[in-house]
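Descriptive analysis of the structure
Below are the chains, spelled out letter by letter.
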Amino acid sequence: MLVESNEISDWLRRRINTARAESGMSWSQIAEVLSTPEAVVSPSSLMSKHSRSSFTAVELVAILRVMGVSEVRLPEVQRAS
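Heads up: these notes are all about the structure in this document.

**Concerning the packing of helix H1 (residues 5–23) against helix H3 (residues 43–52)**
At a minimum axis separation of 8 Å, H1 and H3 run at an interaxial angle of 135°. One element, H1, and the other, H3, form an angle in the oblique class. When H1 is examined against H3, the residues Arg13, Ile16 and Asn17 are found in contact with a partner set consisting of His50, Ser51 and Arg52.

**Some details on helix H2 (residues 27–34)**
Listing the buried residues of H2 in full gives Trp27, Ile30 and Ala31. With its buried residues spanning 100° around the axis, H2 presents them on a single face. In H2, the exposed residues that point more than 90 degrees away from the buried face are Glu32 and Val33. Where H2 is buried, its residues contact H1, H3 and helix H4 (57–66).

**Describing H1**
Given 3.6 residues to a turn, an α-helix orients residues that are three or four positions apart in the same direction. The end-to-end C-alpha distance of H1, which contains 19 residues, comes to 27 Å, matching closely the 27 Å that a straight helix rising 1.5 Å per residue would cover. Contacts made by the buried residues of H1 are with H2, H3 and H4. The positive-phi residue at the C-terminal boundary of H1 is Gly24, with phi of around 75°.

**Overview of the nonpolar core**
Counting residues in hydrophobic clusters, the biggest one holds 14 residues, and the most contacted among them are Ile16, Trp27, Ile30, Leu46, Phe55, Ile63 and Met67. For this core, the secondary structure elements donating two or more residues are H1, H2 and H4. Here Ile63 is in contact with Ile30, Leu34, Leu46 and Phe55, once residues within four sequence places are set aside.

Rules behind the numbers
- Residues numbered from 1 in each chain as written.
- Predicted model: local features only at pLDDT ≥ 70, side-chain atom pairs only at ≥ 80, totals over all residues.
- Heavy atoms only, no water.
- Axes fitted to C-alpha atoms, helices over the stretch in contact; angles between N-to-C directions.
- Helix = DSSP H or I, 4+ residues; strand = E, 2+ residues; numbered from the N terminus.
- Parallel < 35°, antiparallel > 145°, perpendicular 65-115°, else oblique.
- Contact = heavy atoms within 4.5 Å.
- Buried < 20%, exposed > 50% of the residue type's maximum accessible area, 1.4 Å probe, protein only.
- Arc of directions from axis to C-beta.
- Expected span 1.5 Å × (residues − 1).
- Core = buried A, V, L, I, M, F, W, Y, C linked by side-chain atoms within 4.5 Å.

Next comes the structure, spelled out in structure tokens:
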């Protein structure tokens, strides 16, 4: 793999932390917006997934959208020679 998975995990956690700081939203507020009558999202579940970097792609996009992120710049990948 060209990029270590822990590098990606670290980048993902930093990006979410930055978005949360910019939006001023707590995990409770994010969970409230993401919850539906059919599927309740808990703040503790979000915090746990954040600490493990285990969001699915759909969850990640939904969370970033809730926080007002409309664009994500992916980090550069070093190519093997």
